[in-house]
Structure formats: structure tokens, C-alpha cells
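# A structural walkthrough
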Amino acid sequence: TFFFLTACGPDADFKHAVHVETKGDPLRSLKAWETFLKRHPKDSRSQEASYRAGALYAGPLGRCPEALPLFEAAARSSGPWTEPAKLGLMSCPDFFPISAGARWTFVDSLSGGANMRLETKVVNATGSVAGLVVGKFFAGDKAFQDYKRSYQKADWSVWEKDEGVRSPILRWPYIKGRSWTVQKAQGIVTYTIEATDARVKVKGGKYSACLKVRSQVQGFDSWVFDYYCPGVGRVKNTVGVPGAENPNTELAAFSVN
């Protein structure tokens, strides 16, 4: 009787889920982790089980809606899986991919790149958590200015460091109306998520389910809109004024080696 109870207890269920996941079948693995969570919701390993189930939904199964509540459950519990779960939340979908070899080419919207082109790439990446984006601005074939900014995903945010100033350009949860304020060199800047379902057409393609983020410096009568799209990142930048939105720069090409 003792053996039977032990074999069917939380230890056995946890070991079974770990074993099944090593076999590489995401559906069977998911079922095993969800069974563990259903049977043992208060077990000390439930945070890890929630994260692993979320990672299966987010990764091999590509089902972010199911992944998010599992990631959030793990992220809001204290333990070693908190930070990985926060990263999972901000990466499903991933509105700012950071991976070694990722490249973006941006052009001015007015001339389609004849007047200005910016070529950037990720270097010194730490997994998908942090990286340095470097590049050059071109006028025709002539480079005229370097580009260098570092990015990091941490503390529910995507952080951008430019000329020594570090500020959050995106903050989870990604919901319409989400707003935050930061102090930057040009003054106090307020960021607001204006839309989570924006459709964008640029030289580099058509994108949907994008974030439209407004940033405005306190005291200014104009503002900037940045469009971030799943799996690609920033694809469009415009300047807003009362009653109008004027194109500025847009994505012309994106690739991941």
C-alpha cells in the first residue's frame, strides 16, 4: 500500500512529467505537466510546472493565449522560475526580438531609402534576453553616422539604453491604455499603448496584431508613434500632431541568421 501511494503522489507525477518531456513530445509533455498542476496545485514545484507548461504552449505549440496565464502564475510566485516566466510573458508574442544575427534595415518613408537608410544588427546577444544593436546611417551609398543602442528584457519591461540613458520602451502587460512615464535627457516622456491590434503595411511587408505605442515629451505639442509587430520588432515610426500622423521611417528588410 505504501508503494502504491508513493507512486501516485506528487513526487511520482513530477518525475513522470520530467521524464516525458525528455522524450520530445510536446503534447504528451504538456498533458503530464497539466496533470501535475491539477492534482497538486499547492505543491512547492507548481511554479516550475506552470513555467514548463507555458513554455510548451509558447514554443513548439505556438499557442500564446494558453501560455500567458501559466507564465503569469509562475511569474507572480516567488522562486527561481519568476524571472524566466516574466521573460516568457514578454516574449509570447515577442514584440522586440533580441537574438544574435538579427538584422533590420530601415528607410525614410518619403523617399523609400533614397534619402536615408539605417542598417542595424544584433551583436553580443545574451540568449534572447539582452543584446547590443549596432549599425550605420546611409545617404545613398555613403555612411554618415553610427548607431548604437543596447536592449534588455527585465522587470516586466524592454529597456533601451541610448547615450547612457536607460529607459523602458515597452512594459507588460501589453494592453490598450497602458501608460508609464520616464525621465529622459529631453525631459519627462510619457509612453502609452494606443492599440494592440494595429495593422501595418511598410516596404518590408504587411504585419498584423501589432502594438502602437505613443511617446510624448512633456510640454510638446507633437508626439511619436512606434509600431512593434510580433517576431519582428519595431517596423514603423511616425510623428503625430493634432489631427494628423505623418510617416517618418519604416522597415524595409528583416532577417535572422
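A few points on the structure.

Quick notes on the rules
Residues numbered from 1 in each chain as written. Predicted model: local features only at pLDDT ≥ 70, side-chain atom pairs only at ≥ 80, totals over all residues. Heavy atoms only, no water. Helix = DSSP H or I, 4+ residues; strand = E, 2+ residues; numbered from the N terminus. Buried < 20%, exposed > 50% of the residue type's maximum accessible area, 1.4 Å probe, protein only. Contact = heavy atoms within 4.5 Å. Areas by Shrake-Rupley, 256 points an atom, 1.4 Å probe, with all protein chains shown as cover. Lys, Arg positive; Asp, Glu negative; His and termini not counted. Charge placed at Lys NZ, Arg CZ, Asp CG, Glu CD. Phe/Tyr/Trp six-rings, centres within 6.5 Å; stacked < 30°, edge-to-face > 60°. Lys NZ or Arg CZ within 6 Å of the ring centre and 35° of its normal. Disulfide = S-S within 2.5 Å. Pairing = 2+ DSSP bridges. Axes fitted to C-alpha atoms, helices over the stretch in contact; angles between N-to-C directions.

Our focus in this paragraph is the overall build of the protein. Of regular secondary structure, the protein possesses 6 helices and 12 strands. The C-alpha extent of the protein, read off along each of the three principal axes, is 80 × 40 × 35 Å. For the protein, the proportion of its 257 residues judged to be buried stands at 44%. Sequence separation of at least 24 residues holds for 38% of the intrachain contacts in the protein that already meet a minimum separation of 6. Carbon and sulfur atoms form 54% of the exposed surface of the protein, whose accessible area is close to 13700 Å². Positive and negative side-chain charges in the protein, numbering 34 and 25 respectively, have mean positions lying 2 Å apart.

The subject of this paragraph is the packing of aromatic side chains. Within the structure shown, the criterion is met by 12 aromatic pairs. On the basis of an interplanar angle of 45° and a centroid distance of 5.7 Å, the ring pair of Tyr 51 and Phe 71 is categorised as tilted. One end of the pair, Tyr 51, is in helix α4 (residues 46–58); the other, Phe 71, is in helix α5 (residues 64–75), and 20 residues separate them in sequence. The exposure class assigned to Phe 71 is buried, which follows from its relative accessible area of 3%. When the centroid spacing of 5.5 Å and the interplanar angle of 90° are considered together, the rings of Phe 95 and Tyr 174 count as edge-to-face. Of this pair, Phe 95 sits in the loop between α6 (82–90) and β1 (103–108) while Tyr 174 sits in the loop between β6 (165–171) and β7 (179–184), and the two are 79 residues apart along the sequence. Neither Phe 95 nor Tyr 174 differs from the other in exposure class; each is buried. For the cation-ring pair, Arg 214 lies above Trp 223, with the distance from its terminal atom to the ring centre recorded as 4.0 Å. In this arrangement the basic side chain of Lys 236 is found over the ring face of Tyr 227, its NZ or CZ atom lying 5.5 Å from the centre.

Covalently bonding the sulfur atom of one cysteine to the sulfur atom of another cysteine gives a disulfide. Per the counting criterion, the structure on display carries 2 disulfides. Residue Cys 64 pairs covalently with Cys 92 via a disulfide, S to S 2.0 Å. Because the sign of the S-S torsion sets the handedness, a value of about -110° for the bond joining Cys 64 and Cys 92 places this disulfide among the left-handed ones. Taken together, the residues span a long stretch of sequence, with Cys 64 in helix α5 and Cys 92 in the loop between α6 and β1 at a distance of 28 residues. Classification of Cys 92 as buried rests on a relative accessible area of 3%. Sulfur-sulfur distance for the disulfide between Cys 210 and Cys 229 comes to 2.1 Å. The S-S bond linking Cys 210 to Cys 229 shows a torsion near 105°; that makes this disulfide right-handed. Pair noted here: Cys 210 is in strand β9 (residues 205–217) and Cys 229 is in strand β10 (residues 223–229), with a separation of 19 residues, a long-range link. Pair check on accessibility: Cys 210 and Cys 229 agree, each one buried. Across the protein, the disulfide pattern expressed with sequentially numbered bonded cysteines is 1-2, 3-4.

Before going further, it helps to examine the sheet that holds strand β8 (residues 187–202). Strand order in this open sheet of 12 strands is β6-β5-β4-β3-β2-β1-β12-β11-β10-β9-β8-β7, and the pairing throughout is antiparallel. Each of the sheet's edge strands pairs with one partner strand only, and the pair in question is β6 and β7. Across the sheet, the axes of successive neighbouring strands diverge by a mean angle of 25°, strand direction being ignored. Across 10 bridges, the pairing between strand β3 (residues 130–139) and strand β4 (residues 142–154) is antiparallel. Bridged to Phe 138 within β4 is Ala 143.

Before going further, it helps to examine the pairing of β4. A loop of 2 residues connects β3 with β4, the two strands running antiparallel in sequence, and Gly 140 in this loop sits at a positive phi of about 70°. In this structure, β4 lies alongside strand β5 (residues 157–162), joined through 5 bridges in antiparallel fashion. Pairing of Lys 153 across the sheet is with Val 158, part of β5. Where β4 hands over to β5, the hairpin turn is made up of 2 residues, of which Asp 155 adopts a positive phi near 55°.

The next thing to look at is unusual backbone geometry. Note the cis peptide between Cys 92 and Pro 93, where omega equals -5°. Here Pro 93 is to be found in the loop between α6 and β1. A cis geometry characterises the amide bond from Trp 172 onward to Pro 173, with omega recorded as 10°. For Glu 163, which is not glycine, the phi torsion reads 55° and is therefore positive. Take Glu 163: it is sitting in the loop between β5 and β6. With a phi angle near 55°, Ala 209 is a residue other than glycine that sits in the positive phi range. For Ala 209, the location among the structural elements is in strand β9.

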